[in-house]
Each structure stands twice: as C-alpha cells, then as structure tokens.
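Analysis of the macromolecular model
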Amino acid sequence: MDDVFTVLENGHREIRRMLRELESSPNSANGANQAALARRRQLVDRLIMEHSQHESAEQECFWPAVRELMANGAQMAEQGVRQEQSAQQTMADLRNIDPQEQKFEEQLRTAAQEIKAHIDFEEQQVLPALRKVMDPQRAQQIGAQIAQRKQAAAEGRARPHAAPRPGALKGTAQARSSGGGSPRQQGQQGQQNQKRGQQQNQQNRHQEQEQEQEQSRGREKPKDTMGRGR
Ligand SMILES: [Fe+2]
Ligand SMILES: [Fe+2]
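Owing to the predicted nature of the structure, the values given are computational and were not obtained by experimental measurement.

A few words on the overall build of the chain. Helix and strand counts for the chain stand at 7 helices and 0 strands. When the helices and strands of the chain are listed from N to C terminus, the series reads α-α-α-α-α-α-α. Taking all 230 residues of the chain together, 25% fall into the buried category. Contacts in the chain between residues far apart in sequence, at least 24 positions, make up 78% of those at least 6 positions apart.

Written out as structure tokens, the structure is:
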C-alpha cells in the first residue's frame, strides 16, 4: 500500500494533469463551440470534485500529523489550510459561472495559480520536512486513511450535487464526518453521509425557493408603498 507521500504526490499529479488539459483545450476566447464549452464545464466540475476531495482528506488526515510532528507544524498547517480553503472557494465559485463568460476563464486562471502555488508549498516545503520526522508505519497508516476516503467519495459520487456548494467549504465538519474506523463502519458512514448530502440538497433547494419568493415579495413591496402615496 502507498504511504502518505506517494498518495499525496499522486493526487497532485492528477490535479496538475487536469489543469494542463484545461489550459490546452478550447475556451470561449479562442472559438470553442457549444460542444467544446460543455466539455469544458465537465472538466472543471471534475477538477472541483478532485481538488475538493484531495484538500478535505489533507485537512482530516495530513495536517493534524504535520501539527503534531513538526517543530513549526502549527504554522505550516495554518498556512497550508488557509491556501486550501481559499482555492476551494475560488473553485466553488466557478460552479456558478457559465463557460461562455469571460469571467469564467479569469476565475479559472486565478484558481489554477492558487492550486499550483499550494502544491509547490506542500511538495517543496512541507513533505520533505515531514519525511524526516515521520516514521514509515505512520506514513503508511495515513496513506491508507486518505486512500479509503478517496474510495468512499468515489462510491458516493453518483449522487447529484456531490461537490460542496459555494460557501460550504470553510468548515471542516464535512472533512470530519468521514474517514477512520473499519471498512464496514466506513461503508455505513458513507451511506449516512450520502443520506445527509441528499437531505442537505433538499434543504438547499427549499431555501433557494424561499429566497426567490422572498425576493419577489421584496420587489413588490416598494410598489405598494409608493402606491399608497404616504
Ligand atoms: Fe496536496
Ligand atoms: Fe493541500
């Protein structure tokens, strides 16, 4: 089984590959047709998912070990998690922008810069230092935890809206809600998480409907006030 260093470096390689694919494929500025833009949307959604899962797994399994084992671990972890949450939010915001809009490419470029800078930080500063202080058994254990999380996420991926919604990324409750325990416990936990996710989606849709109703009422109010001619 791969240790934490191999698992994370493989994750980084996959994220970099997805970024390269996006950089080299047609976009709205260089004449992409509708089919190419739809494909671009899919690629970005897949990157959002991959990136979010990678960083959530690090927040759950990796940064706590950095904090514990490295002399300047707390500071490193704080810096790393801040970079991750900022990039996760930038990526999540992309979900609400149409690939036809110029803003989409600008936002994607910002996200790519943030993601690459963060991967460089981990690979050049954190991982080499952690390698010196983490024993191989612990490295294997954390590697296995991250791999299990990734598998559980892939199994639950069939559900709609699996990627975190904008604004839902700042907390780590989602990260805490999975990982650890036996494979059986993780399976049960995966089902619970899936159910929770479905309930959350329903709740979000309900809130959106309420907000729309609220807004339409709000739009009518000034007219009423004006109409009364107070
Ligand atoms: Fe990473
Ligand atoms: Fe990270």
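This part covers helix 1 (residues 4–24). Compared with the 30 Å implied by 1.5 Å per residue over 21 residues, the 30 Å span of helix 1 between its first and last C-alpha is a close match. Taken together, the buried positions of helix 1 are Val4, Val7, Leu8, Gly11 and Ile15. Angular distribution of buried residues about the axis of helix 1 spans 95 degrees; they occupy a single face of the element. Looking at helix 1, the residues exposed on the side facing more than 90 degrees away from the buried face are Arg13, Arg17, Arg20, Glu23 and Ser24. Taken together, the buried residues of helix 1 touch helix 2 (34–69), helix 4 (102–133) and helix 5 (136–155).

Two elements in contact, helix 1 and helix 4, have axes separated by 11 Å at closest approach and are oriented at 160 degrees. Here helix 4 runs roughly antiparallel to helix 1, going by the angle between their axes. Crossing geometry of helix 1 relative to helix 4 is assigned as left-handed. Here helix 1 contributes Phe5, Leu8, His12, Ile15, Leu19 and Leu22 to the contact with helix 4, which in turn contributes Leu108, Ala112, Ile115, Ile119, Glu123, Leu127 and Arg131. Partitioning the contact of helix 1 with helix 4 into residue classes produces 10 nonpolar, 1 polar and 2 charged.

Okay, the environment of Arg41 next. Within the fold, Arg41 resides in helix 2. Residues Arg41 and Leu22 lie 19 residues apart in sequence; the distance between their C-alpha atoms is 9.9 Å.

Core analysis: the biggest nonpolar cluster contains 16 residues, and Val4, Cys61, Phe62, Ala65, Val66, Ile142 and Ile146 have the highest contact counts within it. If you list the elements that add at least two residues to this core, you get helix 1, helix 2, helix 3 (73–94), helix 4 and helix 5. Counting residues per element, this core draws most heavily on helix 2, at 6 residues. With near-sequence residues (within four places) excluded, Ala65 lies in contact with Met134 and Ile142. Formed by 14 residues, the second largest nonpolar core is a distinct cluster that contains Val44, Met91, Ala92 and Leu94.

In this section: helix 3. The end-to-end C-alpha distance of helix 3, which contains 22 residues, comes to 32 Å, matching closely the 32 Å that a straight helix rising 1.5 Å per residue would cover. Listing the buried residues of helix 3 in full gives Met76, Ala77, Gly80, Glu84, Ala87, Gln88, Met91, Ala92 and Leu94. All buried residues of helix 3 project into a common sector of 140 degrees when viewed along the axis, lining one side. In helix 3, those exposed residues whose orientation departs by more than 90 degrees from the buried face are Gln75 and Arg82. Where helix 3 is buried, its residues touch helix 2 and helix 4.

Parameters at a glance
- Residues numbered from 1 in each chain as written.
- Chains lettered and ligands numbered in written order.
- Predicted model: local features only at pLDDT ≥ 70, side-chain atom pairs only at ≥ 80, totals over all residues.
- Helix = DSSP H or I, 4+ residues; strand = E, 2+ residues; numbered from the N terminus.
- Buried ≥ 20, exposed ≤ 12 C-beta atoms within 10 Å, placed from the backbone.
- Contact = placed C-beta atoms within 7 Å.
- Expected span 1.5 Å × (residues − 1).
- Arc of directions from axis to C-beta.
- Axes fitted to C-alpha atoms, helices over the stretch in contact; angles between N-to-C directions.
- Parallel < 35°, antiparallel > 145°, perpendicular 65-115°, else oblique.
- Left-handed = near helix turned anticlockwise from the far one by under 90°.
- Nonpolar A, V, L, I, M, F, W, Y, C, P; charged D, E, K, R; others polar.
- Core = buried A, V, L, I, M, F, W, Y, C linked by C-beta atoms within 7 Å.

Keep in mind these values describe shape, not function.
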